[in-house]
Amino acid sequence: MAKRFGDGIILTFVLIWVAACGSGATSSGSVGEGDRSVKDYEYLHQHNAVLLNGKTVRWPSTTVTVSGATGGAWRRAIGRWSELDFIFVDTGGEIDLRYAHSDDWCGRADRRFDSSGMIYGCTVRISTSHERNGCGIEVDTVTHEVGHCIGIHGETHDGGVMDLTAAGSNEITTAVREMISLLYALPVGYDVTSRLTR
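Going along each chain's sequence as written, the residues are numbered from 1 onward. The model is predicted, so local features are restricted to residues of pLDDT at least 70 and side-chain atom pairs to those at 80 or more, both for listing and for counting; the totals for chains, interfaces and linings are taken over all residues. Side-chain figures throughout are based on the complete set of non-hydrogen atoms in the structure, without hydrogens or water.

(A) Focus on the pattern of salt bridges. Here a salt bridge means any side-chain nitrogen of Lys or Arg lying within 4 Å of a carboxyl oxygen belonging to Asp or Glu. In this structure the tally under the stated criterion is six salt bridges. Across the pair Arg80 and Asp140 runs a salt bridge whose closest N-O atoms are separated by 3.8 Å. You can see Arg80 sitting in the loop between helix 2 (72–79) and strand 4 (85–89) and its partner Asp140 sitting in helix 3 (residues 138–149), a full 60 residues away along the chain. Given the relative accessible area of 24%, Arg80 is considered partly exposed. Note on conventions: DSSP H or I runs of at least 4 residues are helices, E runs of at least 2 residues are strands, and numbering of each starts at the N terminus. Throughout, exposure labels follow a simple rule: accessible area from a 1.4 Å probe, protein chains only, divided by the maximum for the residue type, with under 20% read as buried, over 50% as exposed, and the rest as partly exposed.

What follows is the structure, encoded as structure tokens:
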């Protein structure tokens, strides 16, 4: 899929994340890139920059609008990602949350970003069969899927809410928080490959 801008073409990517039973360049200002080790950049590469051959994929700002989170529980689940500021709107949010019927997945995030590494949209769907499918706690699934919307590629394996099956965990682990902080301290499309071990 491509988006046309004037005479040029910018490629558009759509990534779909399915959680089996899962729970500017404006910086966050919390951590500078100079304060980070090779290990931090490798983790960022593995869980984000691998999508664009080593370039970061993130929202252009640390402020993201969210529609569809009308209940307090979903808003609190999203707000757990304290590295970003979320503004809740009635319609037209950059992240759109909704229920959808599925017996195959508990939660799903469809993230859209362009070839520069800028995320410009994400739709989160929470299964209407969530409880019946044994998916764990719904708000943890919301937290998990929004994690994909803000830049986490794939799942982790550290016992936290971003693991493949987040049922039973509501923790956003230190490694994941540090990765998100580093991601939003760097510009959209920052090439991390020079920071990796050879």
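(B) Layout of the pairing of strand 7 (residues 119–127). For strand 7, a buried count of seven out of nine residues is recorded, marking the element as mostly surrounded by other parts of the structure. As paired elements, strand 5 (residues 95–100) and strand 7 share six bridges and run parallel to each other. Looking at strand 7, one finds that Tyr99 is bridged to Ile126. Two strands are said to pair when DSSP picks up at least two bridges between them. As consecutive antiparallel partners, strand 6 (residues 107–114) and strand 7 are separated by four residues, and within that stretch Gly117 has a phi angle of approximately 100°, a positive value.

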